[in-house]
Each structure stands twice: as C-alpha cells, then as structure tokens.
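Chain and residue survey
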Amino acid sequence: MTSRAPHTSTDEVVEQLHGHTVSDPYRWLEEPDSQRTLDWVRDQRGYCDEVLSGLPGRSWFQEVMGAVTARPRTSAPWRQGGHWLGSRNDGAQDQDVVMVGDSLGELLESPRVLVDPNTWSEDGSASLATLRFNRRGDLAAVGRSEAGSDWTHISLIGPDGGPVDDAPIITKFCNPVWLPDGSSYLYNAFPGAARADGADASALPAARIRRHRVGDDPSQDVEIWTFVGEPRDLALLKVSDDDRWLVAEVFTGTETANRVWLFPLSDRGGSTVVGERLELIDKATNAWSYLGSVGGELYFTTDDDAPRARLVAIHDGEWTIREVVPEARGILRSAVLADDALVVEHLVDASPVLTRSSLDGDRLGRVEVPGGSVVGCHGATSSSEVFLGMSTINESCVPWRLDVVDGSLRRLVELEGHSDWEPPAHRIERRTGTSADGTRVPYFLVFPDSVTLDEPRPTIVYGYGGFSIPVAADHRPIWPGWLAAGGVIAIANLRGGGEFGRDWYEQGIREGKQHVFDDLVAVAEALVADGVTTPAQLAVHGKSNGGLLVGAVMTQRPELFAVALPHVGVLDAVRFHRFTIGAAWISDYGNPDDPEDLERILSWSPLANVRPDFDYPATLVMTSDHDDRVVPAHSYKFTAAVQAAQAGDAPVAVRIEHATGHGLANRPPAVVAAECADMLAFAAHHTGLAVPCAPGRG
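All figures in this text were calculated on a predicted structure; none of them were measured in a lab. (Residues numbered from 1 in each chain as written. Predicted model: local features only at pLDDT ≥ 70, side-chain atom pairs only at ≥ 80, totals over all residues. Heavy atoms only, no water.)

A short note on the overall build of the protein chain
Scanning the protein chain from terminus to terminus reveals 11 helices and 40 strands. Relative to its length of 698 residues, the protein chain is compact, with a C-alpha radius of gyration of 25 Å against a globular reference of 26 Å. By sequence separation, contacts in the protein chain at least 24 residues apart represent 57% of the contacts at least 6 residues apart. Only carbon and sulfur atoms are counted for the fraction: they give 48% of the accessible area of the protein chain, which is about 26300 Å². Side chains of the protein chain carry 60 positive and 99 negative charges; the gap between the two charge centres is 2 Å. (Helix = DSSP H or I, 4+ residues; strand = E, 2+ residues; numbered from the N terminus. Rg over C-alpha atoms; globule rule 2.2 N^0.38 Å. Contact = heavy atoms within 4.5 Å. Areas by Shrake-Rupley, 256 points an atom, 1.4 Å probe, with all protein chains shown as cover. Lys, Arg positive; Asp, Glu negative; His and termini not counted. Charge placed at Lys NZ, Arg CZ, Asp CG, Glu CD.)

Written out as structure tokens, the structure reads:
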C-alpha cells in the first residue's frame, strides 16, 4: 500500500491584492535553489516513485512506449542557402540529426551529416534549437539549448558542418536573421537578465535587437533598436526575398494582433546598411504575417477585415493592398510562395485543407494529402517544389513533395525508416458537446478498430484552449500507446484556440477564459451522456496552457474525472506574470495587477481554488526542473496544495523530470517514453483500463 504524500510545511504569507485577501503558504517553493525546495523535490520524487512502482500496467506501457518512441522519424526537406536539408532520427538517437545534400536526390539517397547534437552532451539533453544559413550558404548559425532551456547559445559552422571561429551569442525566443551581406546577423539580447540557464525563474527584461558581425567581440554588437516603452514587446524578423527589406512583425507578449515595420536595406562596400524604419502597420489591431515578396509586392496573411483571414499583396512603393486569396469558410492558417504560385492551408472543422493558387488568386486545385495537421510546409520563390510534412495520430511526420505548377504529388518514402512495431489501426469520429452558454463544442473521438463503443470505456479527454493555437487529430507520443491498450481518446476544440477564427479565440480569453473550462466540461459530459465513458473511467490531460485547463476543471468539477494529468501547467494564475516570459501571457489571462482582471483570475486560477478536505481525482502533476517557460514552481505549489487538501484515497503526486525543459521535441526518446509510460500507466490503473497480455496488441 502506498504511503501518504510527504508533508509540505507552510509559511504565513498573506497579501491584500485590490481588496482580496490572498494566502500563499507555499510561496517558498518559488525559490528553486533553496535547500528547502531541493529537499522537497527529493521527497516528492521518492513518493512519486513509490506511487508509480506499484502500477500493474507500468512495465507493459514502458515496453510499448519504448517501441513508439524508437520508431524512425524524419522531417520534410527544406532549402537554405542553396543546400538541401532535413532532419532524421533512426529511433535510437537521443536527438535528431540534420542532414545535408547538394541536391534533393543526394539528400534522399546519400546525405551528409551537417549537425549532430548527439555529440554535444553525454546524457543527450543538449538539443538543436535553430539552424540558419546565410543567403550565400557559406555560414550557418547553430543554436544550442542546454537541458531544454529556452536560452539558446549561437555558434557558427560552415557548409561541411565544421566550426567557424566566432564568439558565441546567447539569446532567447529568436532565430538569428542573416542580413544580405552574409557576414552579420540580428538577434534578441536581454541585457540585465539573470543567469542564462533553465533553472532560473527571474522575469525577463525588455528585449533589444542587436547586430553581430562575424569575428567581432559581442561587446561590439550594435543595437538596432530596443523596446523601452513596452518590455513585453518582441519582434519576429525576416528579410524579403529580394533583399530590399527587413520585415519586423512586432508583438506585445502573445497577443495575436501585431504591428509591421519595414527597414530598407542597402549595400555599402559589401556591408548591409539598415535604414530608418517605415511603420507599414502602425497599430496592433489585427494579425499580419509576412510570407515573401515577388515582383515588388510583399505578401501577407491577415485577419484585417476578415475574421477567418485572407491573403493580400502590398506594393512596396505605392503601398496599395491587393487581395489575392479572399476570406473563405475555413480558417486561413498559413501559406507559402513557390515559383509563381501559392500553397494555402485552410482549417475546415479543425482539419487541414491544402490548395494551390496563382499569384492572381486563381484556384489551381486541391492538394490531396492525408493528415491531421501540417507540421512542415517549405517552399521558395526560386523553385516550383514545395515540401510538406503531415502529422497523423500514429505518425509524427509523413514527408511529401509537391510541384505547384502541375500539382503532382509524391510521398518521399526514401526518408521513412522501418520499425518492427506497428501502431494500432483506429477510427476517428467528429462529435460535439454543448457548453454552459449554449455554444457547440466539437471534438475528435479516436478509438481502436478493435473496440466497439457499445459500452463505456476508459477515456482520456485532451484540450488546450488558448493563444489561438489549433488542436488537431495529430500525433502525440501517448496516443498510439493508449490506443494499443484499448483506450479511447477525445481531442477537444475549445474556445481560445485557433480552430475557428478570431471570434472563437477571443471568446476564450481574459473575461471569457471561463468559457474554455466550461467547454472542456461540456465535452466530458457529452462523453458520459453518450455512453462512451463514465466519470470513474475518465482522465483529463493537457500541457502548458492545457495544464492550466486540467487544474481548473479538476478543482471546479472534481467529481467528473477519475484522473487528472496536468503537464507543465500554468497553475498559479495570480503570479504567472512574475516569472521568466510569463508576463507575455497577459493577453490571454488578463493582468493580475489590474483589479478587474484579478477578480476574474481568482475565480478560476487552479491554485486559488483548491478546497480543503475535498475528494480530488487521482492526480499526477508533471513538470521539469529546467522548464524556464512555465517554471516548475507552478506545479510544486499546486501539488502541495492538493496533497494537503485531499480527503479521498486517490494519490496526488508530482513527477519531476531531470534536465529537461518545457517541450517534448528536445527530449531524448527514452525520456519521452518513460514519462509517457508513467502517465498512461497511472491513467490506466485509475480508470480501470486493463492492458493486453502482449505488448503492441491493438
């Protein structure tokens, strides 16, 4: 029998915030390096190991998830600086390897290794964060992340992968942008920031855009501009295809509306000169995303005068706007330029539909590629080839080559490896629930072919609901593992996401944030009402903003779920803005320093709504000790509060991963497999899912 959770001591921390008395007895857990916190982490790891070691299906899930994550994987190819690039992993490597070829044929048949992050650290925790060639292709900036941190260490290599002598640059939330001279690049600098490692939780200072010339000491780097007025501002930088403009998409935090600045570029003695900025879009009232330039026109997607977005071209002298692809029934999510055509992605009922279009807006035909989401779409105005990566429930990326001129399509089987383990066949249905205000909330219901829905079954409901990010029926490592065990999956499309346009998104933020939680509850109740599952068989899972979602619904409706699986969640919404990049999320959550926003936040913040002596679901909180996006203090404090409040027998534990960060992409497969196996074994045990006798049976 599992022992009780370790006791967590409390401090008398009480604040008066805009007329509200807010108690924060576990604030001391915000100090990651204190001995008190380190001791707490040690004790919690011991307790979690005890909880997990007794799970009957754990070894089965470990074997299955080991097989899932050991399957070979690849990216869709892309071109930079005249080189053909792609990433591959044979299934046994901790990190994906970037391969290079002088032609597509060479990349497919006999590529060379360009960057192998597996040589960077003994434990496989160092990963590739970014790779950018200059236009000539003789230099590439390589970004290295340590232990999953958002901090990136930039160094240079040549086209053969060999190192180039240059001082390293440390940056964050930035892909280095090469200027046309090929010997200098722009990057984000954060002067005054605390130590650049994933264990530091300090709030970031205002960003500054600096220019680094190859060979110079970084102390000589010239500041292009600084965001002194709004410390939450960040810019996404791109150089136009004709090298005439530096395009800056300027965002305040994670707001979906942005400004667009243009900086004219000219040459002076072989060095690029960055001119005075032109404010093309001077007010952040809509979203604008630069695609590329052709014939003196700059192409953008925008939701200006089009809540579901459209594609326009802006003449770079007359500054007139020409509509190319008008607003349609689906949501225009992205597009790429290739030759004299466009490949446009729309979301239709949260599923991707790809079409070809001329630059005059004439529809050239649909691109029939299967998949739940587009995970890569690479093209260039100098070529008619576009390379697509499509994700499905079972496959992280299926690569395709498209010719935009004649519409021919070929699956690049040369890039796909072979695995002895085959994921289970499954079916997908589209269903809906009805939220508290009457809004219909769609979801994907996924279940194995071997399962009939004639009786309730253990089910995981998954959601996100924020930042205009769409949720699709695509790949997550846990899905094949859960399906192989005979479980059912519900993938919810909640307000706050990007599935149905700006209106859908705006209904789920700030004063509408409660709608997101109501929407998830609506899906859960529909699953029960339709006989798919029961509350005793239902687990709820989400990551990051989805972890907040799990924390909110398990504190608001604990009787509806048998299991809660909040993963790296924003669980203390009263103080999220005080750590690392947290202030950027004010756009979705509201500002806790504003009296009206705080009133709403206190009504749904997971930590603020843990009720003492209450019966909570079996809860496995998951976090990482080097997560410097959503700092682990969120998970630590929430775990301590729920453990202290738990009146029932269900365990409440926190699984704290070593030397990893916020995302799954940069974690070694063995780490992903172990984490997913523990999560699924915990969910299976507490929802009554009995695993098959043999691994892989689906």
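Still more ground to cover, so stick around.
Some details on the pattern of salt bridges
This model, assessed by the stated rule, comprises 51 salt bridges. With its nearest N and O atoms 3.0 Å apart, the salt bridge here joins Lys 238 to Glu 249. Of this pair, Lys 238 sits in strand β16 (residues 233-239) while Glu 249 is found in strand β17 (residues 245-252), placing the two residues 11 residues apart along the sequence. On the accessibility criterion, Glu 249 (2% relative accessible area) is buried. Note that Arg 401 and Asp 403 form a salt bridge whose closest N and O atoms lie 3.8 Å from each other. (Salt bridge = Lys/Arg side-chain N within 4 Å of Asp/Glu carboxyl O. Buried < 20%, exposed > 50% of the residue type's maximum accessible area, 1.4 Å probe, protein only.)

A short note on the packing of helix α6 (residues 513-529) against helix α7 (residues 545-556)
Contact geometry for α6 and α7: axes closest at 10 Å, N-to-C directions at 70°. If you check the angle between α6 and α7, you find them roughly perpendicular. From α6, Lys 513, Gln 514, Val 516, Phe 517, Leu 520 and Val 521 reach across to α7, where they touch Asn 545, Leu 548, Leu 549, Ala 552, Val 553 and Gln 556. Residues of the contact of α6 with α7, tallied by class, amount to eight nonpolar, three polar and one charged. (Axes fitted to C-alpha atoms, helices over the stretch in contact; angles between N-to-C directions. Parallel < 35°, antiparallel > 145°, perpendicular 65-115°, else oblique. Nonpolar A, V, L, I, M, F, W, Y, C, P; charged D, E, K, R; others polar.)

A short note on the sheet that holds strand β25 (residues 331-338)
Read from one edge to the other, the open sheet built from four strands follows the order β25-β26-β27-β28, with strand pairing classed as antiparallel. On the outer flanks of this sheet lie β25 and β28 (363-367), each paired with one strand and no other. The mean angle between the axes of side-by-side strands here comes to 25°, regardless of whether they run parallel or antiparallel. Sheet analysis places strand β26 (residues 341-348) next to strand β27 (residues 351-358), joined by eight bridges and oriented antiparallel. Across the sheet, Val 343 pairs through a bridge with Arg 356, a residue of β27. (Pairing = 2+ DSSP bridges.)

Things to note about unusual backbone geometry
At Asp 339, a position not held by glycine, the phi torsion is positive, near 55°. Along the chain, Asp 339 falls in the loop between β25 and β26. Positive phi values are uncommon outside glycine, yet Asp 613 reaches one of about 55°. Considering the arrangement of structural elements, one finds Asp 613 in the loop between α9 (595-604) and β39 (618-624).

Here we look at the environment of Ile 281
Within the secondary structure layout, Ile 281 lies in strand β20 (residues 278-281). Judged by its relative accessible area of 15%, Ile 281 is buried.

Comments concerning the sheet that holds strand β33 (residues 426-434)
Here we have eight strands laid out as an open sheet, ordered β33-β34-β36-β35-β37-β38-β39-β40, and mixed in their pairing. Two strands close off the open sheet at either side, each with one partner strand: β33 and β40 (652-657). Within this sheet the neighbouring strands show an average axis-to-axis angle of 20°, counted without direction. When strand β35 (residues 459-462) meets strand β37 (residues 538-543), the two strands line up parallel, connected through four bridges.

As for the environment of Phe 190
By the element assignment, Phe 190 lies in the loop between β13 (184-189) and β14 (208-213). Separated by 16 residues in the primary sequence, Phe 190 and Ala 206 have C-alpha atoms spaced 6.4 Å apart. The residues contacting Phe 190, other than those within four sequence positions of it, are Trp 151, Lys 172, Leu 204, Pro 205, Ala 206, Ala 207 and Leu 234.

Here's the deal with the pairing of strand β6 (residues 97-101)
A large share of β6 lies buried, amounting to five of its five residues. By the alternation rule, side chains of β6 split into Val 97, Met 99 and Gly 101 and Val 98 and Val 100, which are all buried. Relative to β6, strand β5 (residues 83-89) runs antiparallel, the two sharing five bridges. When the sheet's bridge partners are listed, Leu 85 is paired in β6 with Val 100.

Digging into the packing of aromatic side chains
This structure, assessed with the given rule, holds 19 aromatic pairs. Plain terms: the ring middles of Phe 467 and Tyr 589 are 5.7 Å apart, the flat faces sit at 75° to each other, and that makes the pair edge-to-face. Separated by 122 residues along the polypeptide, Phe 467 in the loop between β35 and α4 (478-484) and Tyr 589 in helix α8 (residues 586-589) bring together distant segments of the chain. For Tyr 589, a relative accessible area of 2% corresponds to the buried category. Plain terms: the ring middles of Tyr 589 and Trp 604 are 6.1 Å apart, the flat faces sit at 65° to each other, and that makes the pair edge-to-face. (Phe/Tyr/Trp six-rings, centres within 6.5 Å; stacked < 30°, edge-to-face > 60°.)

Looking at α9
Think of an α-helix as 3.6 residues a turn; residues three or four steps apart then line up on the same face. Taken as a whole, α9 has its buried residues at Asp 597, Leu 598, Ile 601, Leu 602 and Trp 604. Around the axis of α9, the buried residues are gathered within 170° of arc, so they sit on the same side. Those residues of α9 that are buried lie in contact with β1 (14-17), β2 (20-23), α6, α7 and α8. (Arc of directions from axis to C-beta.)

Brief notes about helix α2 (residues 58-69)
With 12 residues, α2 should reach 16 Å at 1.5 Å per residue; the first-to-last C-alpha distance of 16 Å fits that figure. When we look at burial in α2, the residues that qualify are Arg 58, Trp 60, Phe 61, Val 64, Met 65, Ala 67, Val 68 and Thr 69. Buried residues in α2 make contact with α1 (35-53), β3 (73-74), α4 and α11 (669-687). (Expected span 1.5 Å × (residues − 1).)

Quick word on the confidence of the model for the protein chain
When pLDDT drops low, the exact placement of atoms in the prediction is not to be read closely. When the pLDDT values of the protein chain are averaged, the result is 94; 97% of them are 70 or greater. Confidence drops under pLDDT 50 across residues 694-698; counting only partners more than four residues distant or on other chains, this segment forms 14 contacts. (pLDDT = per-residue confidence, 0-100.)

As for the side chain of Asp 233
As for its position among the elements, Asp 233 is in strand β16. Here Thr 252 takes part through its side chain, which lies 2.6 Å from a polar atom of the side chain of Asp 233. Of the polar contacts made by the side chain of Asp 233, one reaches the side chain of Arg 259; its length is 2.8 Å. Excluding residues within four positions of it along the chain, Asp 233 makes contact with Ala 207, Phe 227, Val 250, Phe 251, Thr 252 and Arg 259. (Polar contact = N/O pair within 3.5 Å; in protein donor to acceptor, adjacent residues only side chain to side chain.)

A short note on the side chain of Arg 457
With respect to the helices and strands, Arg 457 occurs in the loop between β34 (440-448) and β35. Of the buried charged residues, Arg 457 lacks a salt bridge, with Glu 455 as the closest side chain of opposite charge at 4.4 Å. Leaving out residues up to four positions away in the same chain, Arg 457 has contacts with Val 451, Thr 452, Gly 486, Val 488, Val 532, Thr 533, Gln 537 and Leu 689.

Side note on the packing of α1 against helix α10 (residues 633-645)
At a closest axis distance of 12 Å, the pairing of α1 and α10 adopts a crossing angle of 60°. It follows that α1 is oblique to α10 by the angle criterion. In this structure, α1 meets α10 at a crossing whose hand is left-handed. Every residue of α10 that contacts α1 at Thr 37, Trp 40, Val 41, Gln 44 and Tyr 47 is listed here: Tyr 636, Thr 639, Ala 640 and Gln 643. Its residues assigned to classes, the contact of α1 with α10 comprises five nonpolar, four polar and no charged. (Left-handed = near helix turned anticlockwise from the far one by under 90°.)

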